[in-house]
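# Structure assessment
Given next are the chains, with one letter for each unit.
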Amino acid sequence: MAVAAKPPFRADHVGSLLRPKVLHEARAAADAGTITRDALRAVEDACIRDAVALQEAAGLHAITDGEFRRGHYLVDFLTGFTGIVPTNTSYALSFKGEGGASGETRSMLVVTDKIRRTKPVMVEPFKFLKSATTRTAKMCLPSPTWIHMRGGRKTVSESVYPDVEEFWRDMIAAFHQEIRDLAAAGCRYLQLDEISFAFLCDAEIRDRIRADGLDPDEVTRKYARVVNEIAAGAPPEMTVSVHTCRGNFQSMWMAEGGYDRVASIVFDQPDVDAYFLEYDSDRAGGFEPLKHIPKDKKVVLGLVSSKKPELESKDALKRRVDEAAKFFPLERLCLSPQCGFASTHHGNRVTEDDERRKLALIVEVASEVWGSAE
């Protein structure tokens, strides 16, 4: 079978990794003012080099910085634009976990001024990552739709943006500026973390969206267009993938439901090259929606759980790949965890050894299924 000429790779991963203890301690000290930000950056640099070594040793060809410079995969990036501020408030959706576990994350963002990108946000972190590996440096950026989905017009000031379409235009323009600078710095592999697509499959969340005055089907179409317009800003040599998941916070999730409800809309994105799809549990439904994805794209099956410590069976993973291949060409499929191991600095309820073994497992299975992890 042909080796992938460009990402995503047969064995890939979503991006975030568990923060080591020394990094947790350094960030807490910097927040308390007992060490400088420069001292924190030095610790981040050292930890990222270790994370690169971990990924390379596992046999991965896509290398991230583990999102070690972020506390939250979404908040830290989007608040790098002017006009977007965190509110530290909750929303009427809670996380759910195994054995009745529950929780919430205070990651609400609101738009209080015109959105502008006045400076690069992730360009310098990308340059450091690229300098630390000879393999493909991958940058992950959050999609902006999460801001709007968690409250609709309540999250976007009507006095600032009486026409919500202007809000979307400014947001897309800010992303295009960031993408252009990332490309100039040598980025050839970009991932947009677009969780709204999977959340819009959940009946309870769709009811919550209606309560906010939005039509779930209308926003599905709108968000798909927004994400595609962002992807359209990438140069031809850059692969743009879209990652979807149903929530990932300390091994808990928010949403349930298969992709059937949204597949014909969200997979109709001509400027997106690949999709990372969560498929590690029954919450994701079956593989039938894959038939809506154009056959010139790639699909990365998130079959390995980043939420549970148990190591998956190689045979079970291979059977799942075979099931997916009934609806999408095997030569266009890849394998990954369903999400990152630490979408926030807290991390999931797994160990660094669990993380290492799962990444190595993905490489082994990919090599046995496709003849290569690349």
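Let me begin by describing the structure that accompanies this report. All values reported here derive from a predicted model rather than from experimental measurement.

Quick notes on the rules
Residues numbered from 1 in each chain as written. Predicted model: local features only at pLDDT ≥ 70, side-chain atom pairs only at ≥ 80, totals over all residues. Heavy atoms only, no water. Salt bridge = Lys/Arg side-chain N within 4 Å of Asp/Glu carboxyl O. Helix = DSSP H or I, 4+ residues; strand = E, 2+ residues; numbered from the N terminus. Buried < 20%, exposed > 50% of the residue type's maximum accessible area, 1.4 Å probe, protein only. 1 Å grid on protein atoms, 1.4 Å probe; cavity = no way out; pocket = protein on both sides within 12 Å on 5 of 7 lines; lining within 4 Å. Points joined across faces, edges and corners; volume = space filled by probe spheres on them. Nonpolar A, V, L, I, M, F, W, Y, C, P; charged D, E, K, R; others polar. Axes fitted to C-alpha atoms, helices over the stretch in contact; angles between N-to-C directions. Parallel < 35°, antiparallel > 145°, perpendicular 65-115°, else oblique. Left-handed = near helix turned anticlockwise from the far one by under 90°. Contact = heavy atoms within 4.5 Å. Polar contact = N/O pair within 3.5 Å; in protein donor to acceptor, adjacent residues only side chain to side chain. Core = buried A, V, L, I, M, F, W, Y, C linked by side-chain atoms within 4.5 Å. Pairing = 2+ DSSP bridges.

## Points about the pattern of salt bridges
- Evaluated as defined, the whole model comprises 27 salt bridges.
- Residues D170 and R116 are paired through a salt bridge, measuring 3.0 Å at the closest nitrogen-oxygen approach. On the criterion of sequence distance, the pair formed by D170 in helix α6 (residues 164–184) and R116 in strand β5 (residues 109–116) is long-range, its members being 54 residues apart.
- Residue classification places R116 among the partly exposed positions, given a relative accessible area of 39%.
- We note a salt bridge from R210 to D207, for which the minimum N-O separation is 2.8 Å. Of this pair, R210 and D207 both sit in helix α8 (residues 203–211), 3 residues apart, roughly one helical turn.
- One network of salt bridges, with partners in common, ties together R27, E44, D45 and R69.

## Some details on empty space enclosed by the protein
- Per the stated rule, a full pass over the model turns up 3 cavities of 30 Å³ or more.
- As a volume, the largest cavity reaches approximately 240 Å³.
- Every residue lining the largest cavity is counted, 23 residues in all, and those nearest its centre are Y73, I195, C245, N248 and S343.
- For the lining of the largest cavity, the residue count by class is 10 nonpolar, 10 polar and 3 charged.
- The volume enclosed by the second largest cavity comes to roughly 40 Å³.
- Across the lining of the second largest cavity, the residue classes break down as 1 nonpolar, 2 polar and 5 charged.

## A word on the packing of helix α2 (residues 37–58) against helix α4 (residues 123–132)
- Relative to each other, α2 and α4 sit at 50 degrees, their axes nearing to 10 Å. Here α2 lies oblique to α4, going by the angle between them. Read as a crossing pair, α2 and α4 show a hand that is right-handed. In contact with D45, I48, R49 and V52 of α2, α4 contributes F128, L129 and A132.
- For the contact of α2 with α4, a count of residues per class yields 5 nonpolar, no polar and 2 charged.

## Some words on the environment of D202
- Tracing the sequence through the fold places D202 in the loop between α7 (196–199) and α8.
- Given the relative accessible area of 6%, D202 is considered buried.
- In this structure the C-alpha to C-alpha distance between D202 and R320, which are 118 residues apart in sequence, comes to 23 Å.
- Beyond its immediate chain neighbours, meaning those up to four positions away, D202 contacts M254, A255 and E256.
- Side-chain polar atoms of D202 contact the backbone nitrogen of E256, separated by 2.7 Å.

## What to know about the nonpolar core
- By size, the foremost hydrophobic cluster in this structure holds 115 residues, and its most contacted members are F81, L290 and L301.
- The greatest single-element share of this core, amounting to 9 residues, is contributed by α6.
- L290 has contacts with L277, Y279, V299, L301, A324, F327 and F328, leaving out every residue within four places of it along the chain.
- Listed in part, the 7 residues of the second largest apolar core include F9, V14, A62 and F276.

## Observations concerning the pairing of strand β7 (residues 139–142)
- Neither face of β7 is left uncovered, since the one carrying M139 and L141 and the one carrying C140 and P142 both have all their residues buried.
- Bridge analysis of β7 against strand β8 (residues 189–193) gives 4 bridges, and the strand direction is parallel. Opposite C140, over in β8, you have Q191 as the bridge partner.

## Notes on the sheet that holds strand β10 (residues 274–278)
- Ordered by their spatial adjacency, 6 strands build an open sheet running β7-β8-β9-β10-β11-β12, and the pairing between neighbours is parallel. Of all the strands in the sheet, the pair left with one neighbour each is β7 and β12 (333–337). Here the strands of the sheet are splayed against their neighbours by 25 degrees on average, with no regard to which way each runs.
- Most of the contacts of helix α12 (residues 352–370) go to β12, to which it runs at about 165 degrees, and overall it touches β11 (298–304) and β12.

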